[in-house]
Amino acid sequence: MEISEKKKFNIQLKSLVLPMAFQQLMMAMVSVSDAFMIGFISQDALSAVSLAGQIQFVYSLFLYAIMSGVSIFAAQYRAIRDNISVEKILGIGLKISVLISLPFMFGAILFPEFLMKAFASDPVLISGGAEYLRVVGITYLLLSISQIYLSIMKNCGMASMSAVISSVSVVINIVFNALFIFVFDMGIKGAALATVISKAVEFAWVFVIMAKNKEVTLRIPYLLHNDKSLKHDFWKYTAPILGNEIVWGVGFTMYSVIMGHLGSDAAAANSIANIIKNLSICFCSGVANASGVMVGKQLGKNELDKAREYGSRLVKIAIFSGVIAGAMILCVLPFVPLISTLTPTARKYLQTMLIVCSYYVIGKSINMTVISGILPSGGDSKFGFICDAVTMWAIVVPIGLVCAFVLHLPVTLVYIIINIDEIIKLPVVYMNYVKYRWVKNLTKTQKHF
C-alpha cells in the first residue's frame, strides 16, 4: 500500500480497534469484579456463579452468530451508503435474536436447577447457580436487542459510542455488585441483580439512540416483514457461523463441564484462569472485531486487492497481539500464591493453567481474527464450522472426556489436553486463508430490497 493508504489503514484501525478493545476490557472487568467480590463469600459461591455463567455463554453463541451476520452485511452495504439495506438487516437481526432469547430467558427463570445439573454434580454449586440464574434470566431478552444495535453502530461510524455505552454498563455493574454484596449482604442474588440493572441501563440507552438516529433506525415494517431476498442472503452466510459457534461453543462449554465435575478446586481455578485469559486477549478481540468491519468495507466497495492487503496486515497484528497477551499472562504467575480465596490445591492448579493459557492465546488471537473476522466478511463462513466441528468434536472433546473420566488423569494434565484446539487448528486456518475465497463482494448494488 502507498503511504496515504497506510495512514488510512492506521486511522481506521485505531478508530475501531481501540474502542472495541476497551469495550472487551470493560466487559471482562465484570467477570473480574464478580470473581473478586463473590470470592469473599466463598469458593463454592465463586464456582457456582462461574458455572451458571455457562448458560449465558451458550446463549451468547447464538447471539454472536446473529450479530456476525448483521455485521457482515452492515459493513458492506454501509460502505456504499445503502442505509435502506442496513435497516432491513437490522430488522432481520432483531427479530431472530429476540426469538432465540426467549427459551433461554424462560429456562433460566423457571428451570434453573435443571440447567445447573448439566454443569455440576455438587448440590451446593447447583443451588448457588440456580439462585443466580433466576434473577439474571431477564437480561437475555435485553441483550438480544441492545447487542444487535451495538453491532450496527460499530459498522456505521459509532464504534466509540458503542464502547461508551458498554463501558458505562460495566461500571454500573461493578458499583452495584459492591453495594449489594458488601453493604446489603445479598450474596449471589446481589451479583445477579447488579447485572440486571446494568443491562437494563444499556438497553434503555441503546433504545433511545436507535429511535433518534436518522441514518440507521429501527423501522417497524422492516421488523415485521423481512425482505425475502435479503433474508435468504443473510441466512446463507449466517447459518454456517451459527453452526460454527454452536460446535465450538458447546465444545468449549464441555471443558467447563469436565472441570466442574472434577471438583470445586478445579472449577474455581478454571474460572480464574478464564478471567485472566479473557482480560489478556481484549486487544486481540478488538483486532478480530475490527478486521471484519475493515475488510468488509473494502469488499463492499469492490476494492478486492485492498481487502487482501488489509487482511494480511491484520493477521500480522493478530500474531503480535497474541504474543503480548501470552506474556501478560505469564506476568501474573508470581501473584497466584497471594489469592487467599483459593485453596492451596486450587492455586497449584491455577499456576499450571496460566502457563497453558500463555500459548493458547497466541493461537486464539490468530484464529479469531481469521475465522471470525476476515473470512466471514467476504462470505467464507463455512470453513470455521467445518474446522471447529472436526477439531472440537472429533479430537479434543472425546479425548478430554476419556482422560478425565476413564483414565482419571490428573486435573492439570486434563486441562492441558483440552486446551490444544487453537494450536492444532493453525496450519489448516492458514492454508484456507491464503486460498482467498473470502475476497468477495456480497452486496447487490443494482437494486434495493
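S.K.: Explain the side chain of Asp380 residue by residue, including any values.
M.R.: Inspection of the secondary structure assignment puts Asp380 in the loop between helix H14 (344-377) and helix H15 (382-405). Summary of buried charges: Asp380 has no salt-bridge partner, and the nearest side chain of opposite charge, Arg437, is 4.4 Å away. If near-sequence neighbours (up to four positions away) are discounted, Asp380 is found in contact with Leu375, Asn432, Arg437 and Trp438.

S.K.: An account of the pattern of salt bridges is requested, with residue identities and associated values reported.
M.R.: Opposite charge on two side chains allows them to pair when their charged atoms are near. Across all of its chains, the model carries six salt bridges by this definition. When the shortest N-O distance is used, the salt bridge between Arg134 and Glu113 registers 2.1 Å. Within this pair, whereas Arg134 is found in helix H5 (residues 123-136), its partner Glu113 is found in helix H4 (residues 112-116), the two being separated by 21 residues in sequence. Taking relative accessible area as the criterion, Arg134 reaches 39% and is therefore assigned partly exposed. Note on Glu113: relative accessible area 32%, which makes it partly exposed. A salt bridge links Glu422 to Lys425, with the shortest nitrogen-to-oxygen separation between them at 3.5 Å. With Glu422 and Lys425 both in helix H17 (residues 421-433) and three residues apart, the pair spans about one turn of that helix. With relative accessibility at 2%, the residue Glu422 sits in the buried group. For Lys425, a relative accessible area of 3% puts it in the buried group. The structure contains a network of salt bridges with shared partners spanning Lys364, Asp388, Glu422 and Lys425.

Reading the values: the criteria
- Residues numbered from 1 in each chain as written.
- Predicted model: local features only at pLDDT ≥ 70, side-chain atom pairs only at ≥ 80, totals over all residues.
- Heavy atoms only, no water.
- Helix = DSSP H or I, 4+ residues; strand = E, 2+ residues; numbered from the N terminus.
- Buried < 20%, exposed > 50% of the residue type's maximum accessible area, 1.4 Å probe, protein only.
- Lys, Arg positive; Asp, Glu negative; His and termini not counted.
- Salt bridge = Lys/Arg side-chain N within 4 Å of Asp/Glu carboxyl O.
- Contact = heavy atoms within 4.5 Å.

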